[in-house]
Amino acid sequence: MKQLFGRPNGLTDVLQRYCPGCGHGIVHRIIGDLLIKLNIRECTVGIAPVGCSVFADEYFNCDMIQPPHGRGPAVSTGIKRARPDCIVFSYQGDGDLAAIGTAEIVHAAARNENITIVFINNAIFGMTGGQLAPTTLPGMKSTTSVQGRDIKKQGYPIKVCELLAGLDGPYYLVRTAVNTPKNVINTEKALKNAFVNQIENKGFSMVEILSMCPTNWGMTPVQSKKWVDDTMMKYYPLGEYRNRAKEEK
Amino acid sequence: MSEKKLMYGNHAIVEGVIAAGCRFFAGYPITPQNEIPEFMSIRMNEIGGVFIQTESEIAAINMLFGAAAAGKRAMTSSSSPGISLMQEGISYIAGADIPVLVVNVIRGGPGLGNIAPAQSDYYQATKGGGHGDYFTITLAPNSAQELYEFPKLAFELAEKYRNPALILADGLLGQMMEPVEFTYKPIDPDTLSEPSYALSGCKGRDRRVVRSYDLKPGKLEEMNWQRLKKYQKIQETEQRFEATDCEDADLIIIAYGTCARVCDAAIRMARSDGHKVGLLRPITLWPFPNNVLAGMSKTVRNFLVVEMNMGQMIDDVKLATECRSKIHFHGRPGGGVPTPPEIYEKIQAILGGAR
Amino acid sequence: MTSEIIIAGFGGQGVVSSGIILGHAGLFEDKNVTFFPSYGAEMRGGTANCSVVISDEPVASPIVASPDVVISMNEPSLLRFEPMVKAGGILFYNKTLIKSVPTRKDITIIPVEANAIAEELGQGRIANMVMLGALIKKTGILKLETLKMAQRERFTKADDEQLSLNDRALERGYELL
């Protein structure tokens, strides 16, 4: 009997401990596939963040490193400059990338560092229990904004693609989502671009992925997918914010 | 004898780092060590190494983490406030058992302090520095020659024990010029073998993971106990010091780095007046040279600790001598540098005036 | 023998260069040397001084508390460093720019028209070279020829014309005493 679908060799056999309906597993699966399809698994070094996906170092079937919170882009820079032949990706959540690691992501982008950033935006701190993230929407409830995010007190969310698009440095900036099959396919295309850009020495590529966190949003998985469509995408529009490959054509 | 060259201490570090086969530097400007990144940027460009001026010291130490985890010799330099910022990264690097070299050209503190020479980061360097149970191997050079030689030693110790290593200098050592003799053949980095932990892509081998965490019950405790064994081994085998005129001494001065130089001059004054004074210069501040001090304390009644701080080394001296002897102190915190006459005065006060 | 020297003046008077030239020269004559600069936080126009130790022994302290020799290039540095000269030591001062008269009786005081001579040679900024010439003649710690070599080690980008001018300034200082 021919097997048509299975776990790609880009992922380990370790059981992933994500909540039902969480988007991390989908993104892991896409990356695991790409490591094989692009034949880069054996030259890749991945960076696991601090947050729910801290265990990514157990899940991806390639060399992995787990650095301090937010410092993925700096660690990626160190690895890539020390071993330019390696493919380096940094997997980061919104607390990691857009709060504590803001300086590192901005400067890696400004340097057009030849690395791939996978940015999971689920508008909340997941692992620590649902606190306000830099991406939490206005009015959205969290355990540190129980009345909802008050822009007078907590300010506005950070739109990372738009922020980085203000820089001359980055090569590729795109926002996708993983809440529907169509969006998952688009995310795979974007991530493929982001890895191919690095293989071709083009420079800094980041895929921002709107992702579900039903547990901390207080929703069912189905409700959370709909919420990404109805609410998140209004604040964080999908699309390419920079694609120098197209500009160069 | 090979040719000597008059060099700034900060330039001697750069030549030492490059001769040690290091081709990766990341750092952020801060006085009084700016000559290191400036000269490093020129030298790395000449030899095809990596030089990155970072957005912060936090980024710098994490770039080192990446480069060193990738199996390459990597170093950064900074001065006190910048080293404080690096402590998070150093803790992770220590927790992941990765060797790196960090040079601290200490300035006056706390806070912004000043840019004058100081030794006030002794506690930070020798008691861990960041969070968690760990130590960093800490070397204290006292000349441009040692600033050239110690990077190689630091990398060798760091790699032997898979542990971060620090070199503590100060603004005076860094900005002083002295003759340097290039005493060893530069190491070709391509001849250094790939370490067992190196992240380089898993072709032909099992994948590798570099991390400082483990949430499995009991596992982190076990990792810490293993690390303690490593630290005990370092303490047993790597204590380094220089003892001068100690055999017949009534008083032994304990000082490192710049202070050791100043004390050396004071001791020459004292000796020429007939006082029996010696100098014990710790070269490794961690591991502290306990063994030699324990031996000395059986016969020597007076020790004088001289530091450019409020007396941070006194604890270590008291522990090493098991409080058998009297420990005196002369210090200059906040960027003050002692002079030979002021130390000689202290010597005379302890020994009861000129003979 | 050990000579502890302090050279002091305004930033831009070649104080640091003078110290480094003495350092190179000491090394050329196989002596032990240290050079340590000290300047204000300003990039330009502040005061500058440096300590140089030249010795047949390994140099202990690079910090000079009571110098055997002081070269004072301007008024403020004379006020600051005259009291520090070791009894029996030597104070060279730039008589062109310093109006005060040193008062110590227990040291040798040598006025040098450093800037006037330098201007005569066509370049005020080589007053430091005139001073160095005077210094080595009076103290005998280094040879004139070594100093000429040492200034070439310091000014690697200078053209031959400038280097010869520096040599003449060294010679003029040397011939003064």
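These numbers were taken from a predicted model, which means no experiment stands behind them. (Residues numbered from 1 in each chain as written. Chains lettered and ligands numbered in written order. Predicted model: local features only at pLDDT ≥ 70, side-chain atom pairs only at ≥ 80, totals over all residues.)

**Student:** Which parts of the structure should I look at to understand helix 1 (residues 24–37) of chain A?
**Tutor:** Each full turn of the α-helix corresponds to 3.6 residues, which orients residues three or four apart in the same direction. Residue and element names in this part refer to chain A. Compared with an ideal rise of 1.5 Å per residue, which puts 14 residues at 20 Å, helix 1 spans 20 Å between its outermost C-alpha atoms and is within 8% of the ideal. Within the sequence span of helix 1, burial applies to His24, Val27, His28, Ile30, Ile31, Gly32, Leu34 and Leu35. Along its buried surface, helix 1 packs onto strand 1 (44–47), helix 2 (56–59), strand 4 (116–121), helix 8 (181–199) and strand 6 (205–210). Two residues or fewer past helix 1, asparagine 39 is found with a positive phi of approximately 55 degrees. (Helix = DSSP H or I, 4+ residues; strand = E, 2+ residues; numbered from the N terminus. Expected span 1.5 Å × (residues − 1). Buried ≥ 20, exposed ≤ 12 C-beta atoms within 10 Å, placed from the backbone. Contact = placed C-beta atoms within 7 Å.)

**Student:** Can you walk me through the interface of chain B and chain A in this structure?
**Tutor:** Buried accessible area, meaning the area lost when the parts come together, often serves as the stated size of an interface. Taken together, the contact between chain B and chain A spans 31 residues of the former and 27 residues of the latter. Where the side of chain B that touches chain A is concerned, the elements lending two or more residues are strand 2 (24–27), strand 3 (50–53), helix 3 (57–69), helix 4 (80–95) and strand 9 (209–210) of chain B. A per-element tally of the side of chain B that touches chain A places helix 3 of chain B first, with 9 residues. For the side of chain B that touches chain A, the residue count by class is 18 nonpolar, 6 polar and 7 charged. Across 2 bridges, strand 2 (residues 63–65) of chain A lies against strand 9 of chain B in parallel orientation. What sits directly across from Met64(A), in strand 9 of chain B, is Val209(B). (Nonpolar A, V, L, I, M, F, W, Y, C, P; charged D, E, K, R; others polar. Pairing = 2+ DSSP bridges.)

**Student:** Would you take a moment to explain the interface of chain C and chain B for this structure?
**Tutor:** Contact with chain C, which involves 15 residues of that partner, is made by 18 residues of chain B. Among the secondary structure elements, those contributing two or more residues to the side of chain C that touches chain B are helix 1 (15–28) and strand 2 (32–39) of chain C. With 5 residues, strand 2 of chain C is the single largest residue contributor to the side of chain C that touches chain B. Looking at the side of chain C that touches chain B residue by residue, the class counts come to 11 nonpolar, 4 polar and no charged.

**Student:** Even after reading the chapter, I still don't get the domain arrangement of chain B, so can you show me in this structure?
**Tutor:** Residue and element names in this part refer to chain B. Per the domain assignment, the segments making up chain B are domain 1 (4–200 + 227–235) and domain 2 (241–351). Averaged C-alpha coordinates put domain 1 and domain 2 at centres separated by 26 Å. Counting from both sides, the interface comprises 27 residues of domain 1 and, opposite them, 22 residues of domain 2. Going through the elements one at a time, helix 5 (122–126), strand 6 (137–139), strand 7 (165–170), helix 7 (171–175) and helix 8 (219–237) are the ones with two or more residues in the side of domain 1 that touches domain 2. Here the side of domain 1 that touches domain 2 gets 4 residues from one element, more than from any other, and that element is helix 5. When its residues are assigned to classes, the side of domain 1 that touches domain 2 shows 16 nonpolar, 10 polar and 1 charged. (Domains from an automatic or database assignment.)

**Student:** What is the right way to look at the sheet that holds strand 3 (residues 87–93) of chain A in this model?
**Tutor:** The pairing of strands in a sheet comes from backbone hydrogen bonds and takes either a parallel or an antiparallel form. Taken in spatial order, the 8 strands of this open sheet run 7(A)-5(A)-6(A)-4(A)-3(A)-1(A)-2(A)-9(B), and their pairing is mixed. Strands with a single pairing partner mark the edges of an open sheet, and in this sheet they are strand 7 (239–243) of chain A together with strand 9 of chain B. As defined by bridge partners, strand 5 (residues 172–177) of chain A adjoins strand 7 of chain A across 4 bridges and the pair is classed as antiparallel. Looking at the pairing, Leu173(A) lines up with Arg242(A) of strand 7 of chain A. Docked against the sheet, helix 1 of chain A engages strand 1, strand 4 and strand 6 of chain A, running at close to 160 degrees with respect to strand 4 of chain A. Sheet contacts for helix 8 of chain A: strand 3, strand 4, strand 5 and strand 6 of chain A; angle to strand 5 of chain A, the most-contacted strand, approximately 160 degrees. (Axes fitted to C-alpha atoms, helices over the stretch in contact; angles between N-to-C directions.)

**Student:** So what exactly am I meant to see when it comes to the packing of helix 5 (residues 144–154) of chain C against helix 6 (residues 160–176) of chain C here?
**Tutor:** The relative placement of two packed helices comes down to the angle between their axes together with the axis-to-axis distance. Residues and elements named next belong to chain C. Running from N to C, helix 5 and helix 6 cross one another at 150 degrees; their axes reach a closest spacing of 10 Å. Here helix 5 lies roughly antiparallel to helix 6, going by the angle between them. The way helix 5 lies across helix 6 gives a crossing that is right-handed. When helix 5 is examined against helix 6, the residues Leu144, Leu147, Lys148, Gln151 and Arg152 are found in contact with a partner set consisting of Leu163, Asn166, Asp167, Leu170 and Tyr174. (Parallel < 35°, antiparallel > 145°, perpendicular 65-115°, else oblique. Left-handed = near helix turned anticlockwise from the far one by under 90°.)

**Student:** I tried to follow the sheet that holds strand 11 (residues 251–254) of chain B on my own but got confused; where do I start?
**Tutor:** All names here are of chain B. Strand order in the open sheet made by the 5 strands is 10-12-11-14-15, with mixed pairing throughout. Single-partner strands in this sheet number two, and they are strand 10 (241–244) and strand 15 (326–331). Strand-to-strand twist of the sheet, defined as the mean angle between neighbouring strand axes without regard to direction, takes the value 20 degrees. As paired elements, strand 11 and strand 12 (residues 277–282) share 4 bridges and run parallel to each other. Bridge pairing in strand 12 links isoleucine 252 to glycine 278. Packed on one face of the sheet, helix 12 (residues 340–351) meets strand 11, strand 12, strand 14 (302–307) and strand 15 and runs near 160 degrees to strand 14.

**Student:** Honestly, the nonpolar core in this entry has me stumped. Any pointers?
**Tutor:** As a rule of thumb, nonpolar side chains are buried together in soluble globular proteins. Membership of the largest hydrophobic core comes to 239 residues, with the highest contact counts inside it found for Ile253(B), Cys263(B) and Val130(C). Summarising the domain contributions, this core has at least three residues from each of domain 1 (4–200 + 227–235) and domain 2 (241–351) of chain B. Here Cys263(B) is in contact with Ile253(B), Ala255(B), Leu279(B), Val306(B) and Ile343(B), once residues within four sequence places are set aside. (Core = buried A, V, L, I, M, F, W, Y, C linked by C-beta atoms within 7 Å.)

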